[in-house]
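Structural features, examined
Chain by chain, the residues:
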Amino acid sequence: MRLAEIMAELRRYLDDDAPELSLPPAAFTSPELWEAERERVFGRSWLLAAHADDLAGPGASVTLAPAGRPLTVTRAEDGTLRGRSALGPHRPAPTVEEWRGFVFVNPDASAEPLAPHLRRIGEELDAYRLPEMTRIAGWTEEWHCNWKIAVQNAHENYHAMGLHPATVALITPPGGAMEVRAESRWVTRLLSPFREPLAATALPLSDEQRATMYNCAVFPCGSLAAFGDSVVWITMIPLTVDRIEVRGGVLMHPSALDGQDRDALREQNEEGAAVVNREDRLGMEAVQRAVGSRFAERGHLSPKEPGVVAFYRGLARALVTD
Ligand SMILES: [Fe+2]
């Protein structure tokens, strides 16, 4: 499938009667589409890069290589966060923004601020006291799949049935009605019911908050999910057309940490994440092999996957509209 055909298919997701189909298989393998994404998506979007605790002291830095172009965020002596392109001093410095402890970087030096797009999310998450949350665990992995396979997967809970029967599916029931609200071109809110409401939390959350996983996806490849007293964040940074670096971490509110052994908590969270990440990675790598087959066909999207359509719309907007 040629680039123009893929773009024409993408454009259809912007229609009111968007196709209830997954992207054409070629969208996950096309070198031409990847080149377009490098410029139009990864050259000018807000990428979730780290949590502020990963950049705690002066000189601390995090380097990402979205679309193979390294960017570094460093904590300066004065406490501010600075972005730098590793491609050389002639390159304009990327824009860095911190929102409630989450550090975002945009290669576009004149990027519009992200925070206004997160205003309503911030109000709804007020009770979780995100700015006070502290890093418990973190990880970086490499998966062999196109970034969109991993990101679309993070926009639905349906796959828990196949990939996470003994882990995620015990917490959020697969196919549990997900409520999706597109906030803006950058931000989508996804709510999923827990199987059982969380027991008493240290934070003063409402019954609804105890019964719901609150997930905020930031286009193109970042998301954070609040589960009671803890938050899990994840970012899928594409390195090449079929390889991503997955970074993430767990944060907790200090009020939930009284008397807890931080090292044990870190170990337990990193082990748990490794199990779930492995389940996702093996699933995503199998999908990548399947879309590379010349017999691959588009899949039907279930009405239980409205988040995937929201992601495709964001993609179409970035690639075919402006
Ligand atoms: Fe998963």
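Whatever comes next refers back to the structure up there.
None of the values given here were measured: they were computed from a predicted structure.

In terms of helices and strands, the protein carries nine helices and 13 strands. Relative to its length of 322 residues, the protein is compact, with a C-alpha radius of gyration of 19 Å against a globular reference of 20 Å. Principal axes of the C-alpha set define a box for the protein whose edges measure 60 × 50 × 35 Å. In the protein, which comprises 322 residues, the proportion classed as buried is 42%. Of all intrachain contacts in the protein linking residues separated by at least 6 positions in sequence, the fraction that spans at least 24 positions is 62%.

Strand order in the open sheet formed by seven strands is E7-E13-E12-E11-E10-E9-E8, and the pairing between neighbours is antiparallel. Edge positions in the open sheet fall to strand E7 (134–143) and strand E8 (179–182), since each of these has one partner strand only. Across the sheet, the mean angle separating the axes of adjacent strands is 15° when strand polarity is ignored. The sheet contact formed by strand E11 (residues 222–227) and strand E12 (residues 230–240) spans six bridges and is antiparallel.

Here the focus is the sheet that holds strand E4 (residues 81–85). Reading across from one edge, E2-E3-E4 is the order of the three strands in this open sheet, with antiparallel pairing throughout. Edge positions in the sheet fall to strand E2 (61–64) and E4, since each of these pairs with one other strand and no more. With direction set aside, neighbouring strand axes in the sheet form an average angle of 20°. Relative to E4, strand E3 (residues 71–75) runs antiparallel, the two sharing five bridges. Counted as the bridge partner of Thr74 is Arg82 from E4.

Our next topic: the packing of helix H1 (residues 3–12) against helix H9 (residues 306–321). Close contact between H1 and H9 brings their axes to 9 Å; oriented N to C, the two are set at 130°. Here H1 is positioned oblique relative to H9, judged by the angle of their axes. Crossing handedness for the pair H1 and H9: left-handed. Residues Met7, Leu10 and Arg11 of H1 lie in contact with H9, whose contacting residues are Leu315, Ala316, Leu319 and Val320. Residue composition of the contact of H1 with H9, by class: six nonpolar, no polar and one charged.

Contact pair helix H4 (residues 147–154) / helix H8 (residues 262–291): the axes reach a minimum separation of 10 Å and the direction vectors enclose 130°. The pairing of H4 with H8 is recorded here as oblique in orientation. Where H4 crosses over H8, the handedness of that crossing is right-handed. Residues Ile149, Ala150 and Asn153 of H4 form the contact with H8, whose participating residues are Asp280, Met284, Val287 and Gln288. Its residues assigned to classes, the contact of H4 with H8 comprises four nonpolar, two polar and one charged.

Conventions used here
Residues numbered from 1 in each chain as written. Predicted model: local features only at pLDDT ≥ 70, side-chain atom pairs only at ≥ 80, totals over all residues. Helix = DSSP H or I, 4+ residues; strand = E, 2+ residues; numbered from the N terminus. Rg over C-alpha atoms; globule rule 2.2 N^0.38 Å. Buried ≥ 20, exposed ≤ 12 C-beta atoms within 10 Å, placed from the backbone. Contact = placed C-beta atoms within 7 Å. Pairing = 2+ DSSP bridges. Axes fitted to C-alpha atoms, helices over the stretch in contact; angles between N-to-C directions. Parallel < 35°, antiparallel > 145°, perpendicular 65-115°, else oblique. Left-handed = near helix turned anticlockwise from the far one by under 90°. Nonpolar A, V, L, I, M, F, W, Y, C, P; charged D, E, K, R; others polar.

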